[in-house]
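Listed below are the residues making up each chain.
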Amino acid sequence: MAWWRLYRRIVRRPAAGPSSVSDEVTPQPYIREAERRRLLRLLQRRAELSYDLEQSERAWQPTNRWTERLEQLNAAIEQAESDLAALKPPPPSDLPQPLPPVPVEVVRVSAGPPAQVVLRIGDEDYAWREEVDWAERGHQLAPPQLVRFQGEPAALVSEGLSDASRAQLIERLGSSLDQLAEDVLAALVGTEPAPSLTLADLARPCSGCGGWQDLRGRCPVCARLAWRRQQLHADVRRLRKERDATLADLHRARDRLPVIRRQLADVESEIAALRAKGVELG
C-alpha cells in the first residue's frame, strides 16, 4: 500500500469520545421571543400595580390627597352658602313714595321715515327720532332705533330723595320712557292700541330692595342679585358633585388594596417562573 493512502486513513479516523460522563455538555432550554415579550409585559404590569398599591396604602393614611381635597371643597361650599345668605337682605322697612299719577300724553307719532315720537308729561316734552346706520354704499347696517333727543328724566324727579334713590329713579325713568316710545310707535304700525299710562307707571317702588322698577316691572338691583344667586347655586351644586366624586374615589382606592396585593403577588410569581427558566430581556 502506498504511503499516502495509509496517511489518508489515519487523518480520517474519528476522534475518540469523552473519557468520562463529566465531560458531556448539558443542553440549554430554548428561550422563545414570545417569552421575552411576556416578561416585558409582566414587568410593566408590576410597575403599574406597584404605583396603585402605593396610592391605595396612602388612602388609608389619616391625611392624604383625598382628605385634603375634601377639606378644600367643604370650605368652598361653606363660603358659597354664606355668600348666598348674604344675598338675601331683609325687605326694606320704608319704601319711597310713588310718583304722582301725571298722565303721559302722545303729542305726535309718525312712522316716517324717519319715525318720530313726541310725548308730554306735565309741562315737559320728550321727543325721539329714528336714526339709521347706513353703509358707505347706501346699504342699511343695523335696524333703525329711536333715539331721544329732547327731554331729561331728571325733570320728573322731585326733591326729598337720597342721592342713591334719585340716581336709580332717573335711570329707571329714562329706560321706561324709551320703552314707552317704542310701544307707541309699534302701536301705530300694528293692531295693538297705544298704552295709556301715567308717570307713576313709568317707575314704581320695588318692595324687594327698596329701589325702583321700570315700565316692565323689572328692577336691575334685584335682577343682579338673582343672577348672582343663580351663579352661587350652580357653584354649590358643582362643588358638592366634586366632593361626592372625591369621596367615592377615596373609598374605591381603599377597597382595592387587597385586590392589588393579590394581583401583584401573581405577577411576581410569573416573573420569577420566567427568570428561573432563564428568560431575560437583555
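A.B. asks: So what exactly am I meant to see when it comes to the packing of aromatic side chains here?
C.D. replies: Ring pairs (aromatic) are described by centroid distance and by the angle formed between their planes. Applying the stated rule across the entire model yields zero aromatic pairs. The side chain of Arg-129 reaches across the aromatic face of Phe-149, ending 4.1 Å from its centre. The ring of Trp-60 has Arg-254 sitting right over it, with the charged end atom 5.2 Å from the ring centre.

A.B. asks: Quick question: what am I supposed to make of the packing of helix H6 (residues 220-255) against helix H7 (residues 257-276) here?
C.D. replies: Each packed pair of helices is defined by two parameters, the angle between the axes and the distance between the axes. Their axes nearest at 4 Å, the elements H6 and H7 cross at an angle of 40°. Between H6 and H7, the angle falls in the class oblique. Each of Ala-253, Arg-254 and Asp-255 in H6 lies in contact with H7, whose residues at this interface are Leu-257, Pro-258 and Val-259. Classifying every residue of the contact of H6 with H7 gives four nonpolar, no polar and two charged.

A.B. asks: Looking at this model, I keep getting lost on the side chain of Gln-179. Mind explaining?
C.D. replies: Structurally, the position occupied by Gln-179 is in helix H4 (residues 163-189). Look at Gln-179 and you get buried, because its relative accessible area is 13%. Gln-179 has contacts with Asp-214, Leu-215, Arg-216 and Arg-218, leaving out every residue within four places of it along the chain.

A.B. asks: Looking at this structure, I do not really get the packing of helix H2 (residues 33-59) against H7. What am I missing?
C.D. replies: Axis separation between H2 and H7 bottoms out at 9 Å; the angle between their running directions is 155°. Of the possible angle classes, the one that applies to H2 and H7 is roughly antiparallel. Crossing of H2 against H7: the hand is left-handed. Here the contact of H2 with H7 is built from residues that sort into eleven nonpolar, three polar and ten charged.

Conventions and cut-offs
Residues numbered from 1 in each chain as written. Predicted model: local features only at pLDDT ≥ 70, side-chain atom pairs only at ≥ 80, totals over all residues. Heavy atoms only, no water. Phe/Tyr/Trp six-rings, centres within 6.5 Å; stacked < 30°, edge-to-face > 60°. Lys NZ or Arg CZ within 6 Å of the ring centre and 35° of its normal. Axes fitted to C-alpha atoms, helices over the stretch in contact; angles between N-to-C directions. Helix = DSSP H or I, 4+ residues; strand = E, 2+ residues; numbered from the N terminus. Parallel < 35°, antiparallel > 145°, perpendicular 65-115°, else oblique. Contact = heavy atoms within 4.5 Å. Nonpolar A, V, L, I, M, F, W, Y, C, P; charged D, E, K, R; others polar. Buried < 20%, exposed > 50% of the residue type's maximum accessible area, 1.4 Å probe, protein only. Left-handed = near helix turned anticlockwise from the far one by under 90°.

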